[in-house]
Amino acid sequence: MPSLPTSTWGSESKSRLGGIGDALVPKDYAFAMITDQIHFIKFPNVMQDYITGQTTCGADGMGRLIMDDKGQPWHDWIWQYVAPNVGVSEGVWLGIDDSQLEGTWIWNDGTQLSASVKTMWYGGEPGGGAPDDCIILWKPYGGMWGDYTCHFKEWILCEVRFP
Ligand SMILES: [Ca+2]
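From a predicted model like this one, the values you see are computed outputs, not experimental measurements.

Participant: How would you explain helix α3 (residues 72-82) if you had to name every residue and give the values?
Facilitator: Within α3, burial applies to W77, I78, Y81 and V82. Along the axis of α3, the buried positions cluster into a sector of 120 degrees, meaning they face one direction only.

Below you can see the structure in the form of structure tokens.
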């Protein structure tokens, strides 16, 4: 289990979380960060294909593959957390795919990747078209997004957010 890096918003987050209570932290999840929501993450320490990863994260009834829809600080925080744990040619699945309609990216909660959200595509991405219907934070891109083939095995990171 990787240790959590210190969030730049850590002290604020901690005081705000204090009113919620540890009892409400989902089992095996670690507190991550408060944006406009409260985020908890879990690193199952497995490399799986995208669909299996969704099952892994959904097994507790709350988790889903991590979303990267909160802008640059949230993106940077995620990458800071996972980077030490992935190999030089590996990545981490995000909870998003364009399997239903090529080029239309849908997060695991059913919302569409919005133009209003700062996307983190690496230069030239997405470039894979129909075969590449999933997105990873890829180490060779320094954690920026690349579209990638969903049945490959990459690292899994789960997330719960409230409300
Ligand atoms: Ca695609």
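Back to the text.
Participant: Explain unusual backbone geometry residue by residue, including any values.
Facilitator: Cis geometry marks the peptide bond from E125 to P126; its omega dihedral reads -5 degrees. Looking at the secondary structure, you find P126 in the loop between β6 (106-107) and β7 (134-138). In this model, F162 is joined to P163 through a cis peptide bond whose omega is 0 degrees. One can find P163 in the segment after β10 (158-162). Phi at N45 takes a positive value of approximately 65 degrees, unusual for a residue other than glycine. With respect to the helices and strands, N45 occurs in the loop between β2 (38-42) and β3 (47-48). With 10 C-beta atoms counted inside 10 Å, the residue N45 sits in the exposed group.

Participant: Tell me about the confidence of the model for the protein, and please be specific about residues and values.
Facilitator: Taken residue by residue, the protein gives an average pLDDT of 86. The fraction at 70 or more is 84%. Here residues 5-14 is modelled with pLDDT under 50, and outside its nearest four sequence neighbours on either side it reaches nine contacts, counting other chains as well.

Participant: Explain the pairing of β2 to me, using residue names and the numbers behind them.
Facilitator: Most of β2 is tucked away, with four of its five residues classed as buried. Where strand β1 (residues 30-34) lies against β2, four bridges are found, and the strand directions are antiparallel. Considered in β2, the bridge of I34 is made with I38. Counted along the chain from β1 to the antiparallel partner β2, the turn is three residues long.

Conventions adopted
- Residues numbered from 1 in each chain as written.
- Predicted model: local features only at pLDDT ≥ 70, side-chain atom pairs only at ≥ 80, totals over all residues.
- Buried ≥ 20, exposed ≤ 12 C-beta atoms within 10 Å, placed from the backbone.
- Helix = DSSP H or I, 4+ residues; strand = E, 2+ residues; numbered from the N terminus.
- Arc of directions from axis to C-beta.
- pLDDT = per-residue confidence, 0-100.
- Contact = placed C-beta atoms within 7 Å.
- Pairing = 2+ DSSP bridges.

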